[in-house]
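Fold and geometry: a report
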Amino acid sequence: MRAIAIFPEKKKIELIKHEAPHITSDTQVKLRILEVGVCGTDKEICTFKFGAPPAGSDYLVLGHEALGEVVEVGSKVQTLKPGDLVVPTVRRPCHHPDCRACRVGRQDFCFTGDYSEYGIVTHHGYMTELVVDEEEYMHQVPQTLRDVAVLTEPLTIAEKALLQVWSMQQRLPWRMPDAPADKSGQGLKAVVLGAGPIGLLGSMALIVAGFETYIYSRSEPPNPKAALAEAIGATYISSKVTSVDELVKRIGHIDLVYEGLGRSTLAFEVMKYLGRNAIFVFTGVPDFTASAETTDHLMHRLVGKNQVVLGTVNAGNDAFTAAIRDLDIFTKRWPDALRALITSRSPMEEANDVLMGKRGGIKNVITIARF
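Everything quoted here is computed from the prediction, not taken from an experiment.

1. Comments concerning the sheet that holds strand β8 (residues 116-118)
Within a beta sheet, neighbouring strands are joined by backbone hydrogen bonds and run either parallel or antiparallel to one another. In space, the three strands of this open sheet follow the order β7-β8-β9, with mixed pairing throughout. Two strands lie at the open edges of the sheet, namely β7 (91-92) and β9 (122-123), each paired on one side alone. When β7 meets β8, the two strands line up antiparallel, connected through two bridges. Directly across from Arg92, in β8, lies its bridge partner Ser116.

2. Side note on empty space enclosed by the protein
Over the atoms, a rolled probe matching the size of one water molecule traces out where space is still vacant. Evaluated as defined, the whole model comprises one cavity of 30 Å³ or more. Computed from the structure, the largest cavity encloses a volume of approximately 40 Å³. As for the largest cavity, its lining consists of Ala158, Ala161, Leu162, Val165, Gly202, Leu206, Leu256, Tyr258 and Val281. Of all the elements in the fold, those that place two or more residues in the lining of the largest cavity are α3 (152-169), α4 (197-208) and β15 (256-259).

3. Brief notes about the pairing of strand β14 (residues 235-238)
Moving residue by residue along a regular strand, the side chains alternate between the two faces of the sheet. Both strand β13 (residues 212-217) and β14 contribute to a ladder of four bridges, which runs parallel. Directly across from Ser217, in β14, lies its bridge partner Ser238. Between the parallel pair β13 and β14, the chain is carried across by helix α5 (residues 224-231), and the sense of this crossover is right-handed.

4. What to know about the pattern of salt bridges
A side chain of one charge can pair with a side chain of the opposite charge when the charged atoms of the two come close. Throughout the structure, instances matching the rule amount to 22 salt bridges. Glu349 is the partner of Arg2 in a salt bridge, and the nearest nitrogen-oxygen pair spans 2.7 Å. Linking Arg2 in strand β1 (residues 2-7) with Glu349 in the loop between β17 (342-347) and α11 (351-355), this pair joins segments that are 347 residues apart in sequence. The network of salt bridges with common partners includes Arg106, Asp108, Lys160 and Asp318.

Rules of the game
Residues numbered from 1 in each chain as written. Predicted model: local features only at pLDDT ≥ 70, side-chain atom pairs only at ≥ 80, totals over all residues. Heavy atoms only, no water. Pairing = 2+ DSSP bridges. Helix = DSSP H or I, 4+ residues; strand = E, 2+ residues; numbered from the N terminus. 1 Å grid on protein atoms, 1.4 Å probe; cavity = no way out; pocket = protein on both sides within 12 Å on 5 of 7 lines; lining within 4 Å. Points joined across faces, edges and corners; volume = space filled by probe spheres on them. Right-handed = clockwise from strand over helix to strand, strands pointing away. Salt bridge = Lys/Arg side-chain N within 4 Å of Asp/Glu carboxyl O.

Next up, the structure:
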């Protein structure tokens, strides 16, 4: 079968023939991969700065933001059947018996760092025609979300962040007493740094949660990202024309910052203006190999190790459940804006252009199989 892979030693990206998988356990599921989203992590892997093939392989099949259709199930699979749509989890647990996170299915908080990740670290990814995996790592999505479900995995970043925000902020009288149960952020102000897919999906989640949401991004309006921000009810502000000091004077007290840039300089500049009892969430991982800035190293550690000031990476089952729930809400509330997040869908033969950043736009997707 076909697959898109990198060869780190040769520094090549190729459309290859990859061995088709077979179910070998009665708890496994075979998926026909429909679509795979491309993100900054994929593009960085394609610069050969990181990413590791499985043991014994000289290549790594790319892709971790996947949507698949079940085509076969093992005899003990209980929750899925052929025809179901699923989004698979990216990270797999380490094998250390004393890693209490991985032993209870929370490998997104792995203590050892010896986890594997589909399409990233020591496990072939989803940018191929068929994949076999365990039922426990599958998250079923409704057929009504078929054309946007590929956004589930990037949305889990915001969902995991919000789950942690509410848990941590319980130590404070942070939530407004009169806020509805489904609008816990009502009366609070959030600033989102960056208007890429992570920032825009995070903004949607924040708005649904009730936050007054501002998106602070470089590009001057009018532009597609600013138009999308306006469509969902966020306020778009360009960092090119509005300084951080001016931003704060305009907004006032900032309760939450959700960083979706992957660059530390602006993030730490904004952090200086956090309000009392506020919280700052990092999601981006800077490429500090290209810079000696201390802030880049600090931010990389915060995110990669799930530290506080809240650094968050990967997601657990609760975040996937929340993402699927909120995608349904987004579809009903902002159907056009949500679909506008996906700029292009390209066939596997054009994957190189997408992976090398030649397509532009907001979110680009590789189509593996026809819908």
